[in-house]
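One-letter residues, chain by chain:
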Amino acid sequence: MATCPECDAEIEVDEFDVDKGDLISCPDCGSNLEVTSLAPVELEVVDEDEDEEEDEDADDLDADEVDDDDETDEEVDE
């Protein structure tokens, strides 16, 4: 059992079924939680802004890769 840090609900989590860093959702309040410890199982609320920043960083990398490809095409065309 673990406790949701957002709403204090008891969440049944088997320490053998999860790994540190796994994401789960609280069935009571719906908060996104990360497993931060296994013995005992401890959970932390995942800041949704961090997820958005990680997604934006990934999008920026994809955009950079596309830009690099465009430059290569221009060099070949000239």
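Note that this is a predicted model, so its numbers are computed, not measured.

Thresholds applied
- Residues numbered from 1 in each chain as written.
- Predicted model: local features only at pLDDT ≥ 70, side-chain atom pairs only at ≥ 80, totals over all residues.
- Heavy atoms only, no water.
- Helix = DSSP H or I, 4+ residues; strand = E, 2+ residues; numbered from the N terminus.
- Buried < 20%, exposed > 50% of the residue type's maximum accessible area, 1.4 Å probe, protein only.
- Contact = heavy atoms within 4.5 Å.
- Areas by Shrake-Rupley, 256 points an atom, 1.4 Å probe, with all protein chains shown as cover.
- Pairing = 2+ DSSP bridges.
- Axes fitted to C-alpha atoms, helices over the stretch in contact; angles between N-to-C directions.
- Core = buried A, V, L, I, M, F, W, Y, C linked by side-chain atoms within 4.5 Å.
- Polar contact = N/O pair within 3.5 Å; in protein donor to acceptor, adjacent residues only side chain to side chain.

Quick notes on the overall build of the protein chain
Okay, step 1: Helices and strands together make up the secondary structure of the protein chain, namely 1 helix and 5 strands.
Okay, step 2: Of the regular secondary structure in the protein chain, the N- to C-terminal order runs β-β-β-β-β-α.
Okay, step 3: Counting all 78 residues of the protein chain, 17% fall into the buried class.
Okay, step 4: The long-range fraction of contacts in the protein chain, counting pairs at least 24 apart against all pairs at least 6 apart in sequence, stands at 20%.
Okay, step 5: Carbon and sulfur atoms provide 39% of the accessible area of the protein chain, an area that totals close to 6000 Å².

Describing the sheet that holds strand β4 (residues 32-38)
Okay, step 1: Overall, antiparallel pairing links the 3 strands, which are arranged β3-β4-β5 in an open sheet. Edge strands, defined here as strands with exactly one partner in the open sheet, are β3 (23-25) and β5 (41-45). Pairwise comparison of adjacent strand axes, ignoring direction, gives a mean angle of 45° for this sheet.
Okay, step 2: Pairing of β4 with β5, which is carried by 5 bridges, proceeds in the antiparallel orientation. Bridge pairing in β5 links V35 to L43.

Observations regarding the pairing of β4
Okay, step 1: Alignment of β3 against β4, held across 3 bridges, turns out to be antiparallel. Counterpart to S25 in the pairing with β4 is N32.
Okay, step 2: Linking β3 back to β4 in an antiparallel pair, the connection comprises 6 residues, with G30 at a positive phi of about 80°.
Okay, step 3: Between β4 and the antiparallel strand that follows it, β5, lie 2 residues.

Some words on the nonpolar core
Okay, step 1: By size, the foremost hydrophobic cluster in this structure holds 11 residues: A2, C4, A9, I11, V13, V18, C26, L33, V35, V41 and L43.
Okay, step 2: Those elements giving two or more residues to this core turn out to be β4 and β5.
Okay, step 3: The residues touching C26, leaving out its near neighbours within four places in the chain, are C4, C7, A9, I11, S31 and L33.

Thoughts on the environment of S37
Okay, step 1: Along the chain, the position of S37 falls in strand β4.
Okay, step 2: Within the local environment of S37, its side chain forms a polar contact with the backbone oxygen of P40, the two atoms lying 3.1 Å apart.

Examining the environment of S25
Okay, step 1: Mapped onto the elements of the fold, S25 is located in strand β3.
Okay, step 2: Between the C-alpha atoms of S25 and V45, which are 20 residues apart in sequence, the distance is 9.5 Å.
Okay, step 3: Not counting residues within four places of it along the chain, the set of residues in contact with S25 comprises G30 and S31.

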